[in-house]
Amino acid sequence: MAQIIDGKQISKQIKDELKEKVAELKEQGIEICLAVIQVGDDPASTVYVGNKKKACEYIGIRSESYELPEETTEEALLDLIGRLNGDDRVNGILVQLPVPEHIDEDKIIRAISPKKDVDGFHPMSVGALSIGQPGYVSCTPAGVLALIRRSGFSIEGKECVVIGRSNIVGKPMGMLLLRENGTVTICHSKTKNLRDVCKRADILVVAVGKPKMIDASYVKEGAVVIDVGIHRDANNKLCGDVDYASVEPVAGAITPVPGGVGPMTIAMLMKNCVESIQIQAFAKDQES
Ligand code: NAD
């Protein structure tokens, strides 16, 4: 029987630690503020934005909400981001993705100051991660790393296999595991013999975006299996990229869906907001 890695409990622990830290900062007269921008009223985005605001409230971070109509122009959005970049009261800026099709997502990501890029998507943040400098780390892979570490598993010297090479999950996940001295392989849609490569893994992170694709035949006995995927199956039940029923008896530890990686993403966003204080101080230091 595998150890179940409880993302709900670990994320709560992280949020409680952050709450204390934010209270300490408040005593020093420092308030953290996150600006959250949503363009249009996509129902899933509205739920995500709502959850982020709720988490801010719980921790004591002030959230400023900008709900813009679907027809907002790219220019108007860039203008708002520019204003928030220059506003010293605002520590973090988050634009809920996806943005409507008439807006260039990459341009928006690049417009957010790397000092306030709490989603960690800006090329400067990605670059900082790859050369080991202070910067924001993309929230989902940062959450996976926290799950592994806080569950007591060491990464150093371990065979780590990541399935998926997206800019927001797979690639930063690989960089993070490398930073922790894992021996990292990143697999993707053109990888040959995926099953054999996965079978080598002591730590297997699955972000393939295909419901229940990874069954026990991909998993080494005793491996730590982290399932980043989130889908609804034919019965409208949430499931991951891992076939949990098949893998759980083989794995040493496994994350469930829901209740695994999902709750960690917002916790790490909150962590990035709190860390903005140090990242901004580091940037100021570099500038002077
Ligand atoms: P994506 O679609 O951008 O990337 C999927 C990756 O899997 C690609 O790099 C592709 O090369 C690879 N891939 C596709 N088919 C493959 C195959 N047959 N064999 C090997 N590799 C293959 O997805 P993403 O944005 O990285 O997200 C991955 C999953 O994680 C999705 O299920 C998504 O819903 C979920 N997700 C969850 C959270 C969270 O907070 N829990 C956050 C982001 C993404």
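Residues numbered from 1 in each chain as written. Predicted model: local features only at pLDDT ≥ 70, side-chain atom pairs only at ≥ 80, totals over all residues. Heavy atoms only, no water.

Counting residues in each nonpolar core, the largest one holds 50 residues, and the members touching the most others are Leu34, Ile61, Val205 and Met270. The leading source of residues in this core is helix α10 (residues 262–287), at nine residues. The residue makeup of this core includes at least three contributed by each of domain 1 (30–113) and domain 2 (139–262). Apart from residues lying up to four places away in sequence, leucine 34 is in contact with Cys56, Ile61, Arg62, Ser63, Glu64, Gly92, Ile93, Leu94, Val118, Met270 and Cys273. (Core = buried A, V, L, I, M, F, W, Y, C linked by side-chain atoms within 4.5 Å. Buried < 20%, exposed > 50% of the residue type's maximum accessible area, 1.4 Å probe, protein only. Helix = DSSP H or I, 4+ residues; strand = E, 2+ residues; numbered from the N terminus. Domains from an automatic or database assignment. Contact = heavy atoms within 4.5 Å.)

Before going further, it helps to spend a moment on the site of the ligand. In the vicinity of the ligand there are 22 residues, among which Arg165, Ser166, His188, Lys210 and Thr265 approach most closely. Within the side chain of serine 166, one N or O atom sits 2.5 Å away from an oxygen atom of the ligand. Contact distances for the ligand include 3.5 Å between an oxygen atom and a backbone N or O atom of valine 208. About the coverage of the ligand: the protein hides 71% of its 870 Å² of free accessible area. In the shell around the ligand, the residues fall into nine nonpolar, 10 polar and three charged. (Near = heavy atom within 4 Å. Polar contact = N/O pair within 3.5 Å; in protein donor to acceptor, adjacent residues only side chain to side chain. Areas by Shrake-Rupley, 256 points an atom, 1.4 Å probe, with all protein chains shown as cover. Nonpolar A, V, L, I, M, F, W, Y, C, P; charged D, E, K, R; others polar.)

What the domain assignment lists for the protein is domain 1 (30–113) and domain 2 (139–262). On a C-alpha basis, the centres of domain 1 and domain 2 stand 29 Å from each other.

Turning our attention to the sheet that holds strand β8 (residues 224–227). Overall, parallel pairing links the six strands, which are arranged β1-β11-β8-β7-β5-β6 in an open sheet. Across the chains shown, the open sheet's two edge strands, defined by having one partner strand only, are β1 (3–4) and β6 (183–187). Pairing analysis gives two bridges linking β8 to strand β11 (residues 253–254), with the strands arranged parallel. From the neighbouring strand, valine 224 faces β11, where its bridge partner is alanine 253. Contacts between helix α7 (residues 170–179) and the sheet are confined to β5 (159–163), β6 and β7 (203–206), with β6 contributing the most and set at about 170° to the helix. (Pairing = 2+ DSSP bridges. Axes fitted to C-alpha atoms, helices over the stretch in contact; angles between N-to-C directions.)

Let us now look at the sheet that holds strand β2 (residues 33–39). Judged by pairing direction, the sheet is parallel, and its three strands sit side by side in the order β3-β2-β4 without closing on themselves. Lying at the two open borders of the sheet, with one neighbouring strand each, are β3 (62–68) and β4 (92–95). Each adjacent strand pair in this sheet contributes to an overall mean axis angle of 15°, direction not counted. Sheet topology note: the β2/β4 ladder contains four bridges and is parallel. Bridge pairing in β4 links isoleucine 37 to valine 95. Lying on the sheet, helix α2 (residues 43–59) is in contact with β2, β3 and β4; it crosses β2 at an angle near 170°. Lying on the sheet, helix α3 (residues 74–85) is in contact with β2, β3 and β4; it crosses β2 at an angle near 180°.

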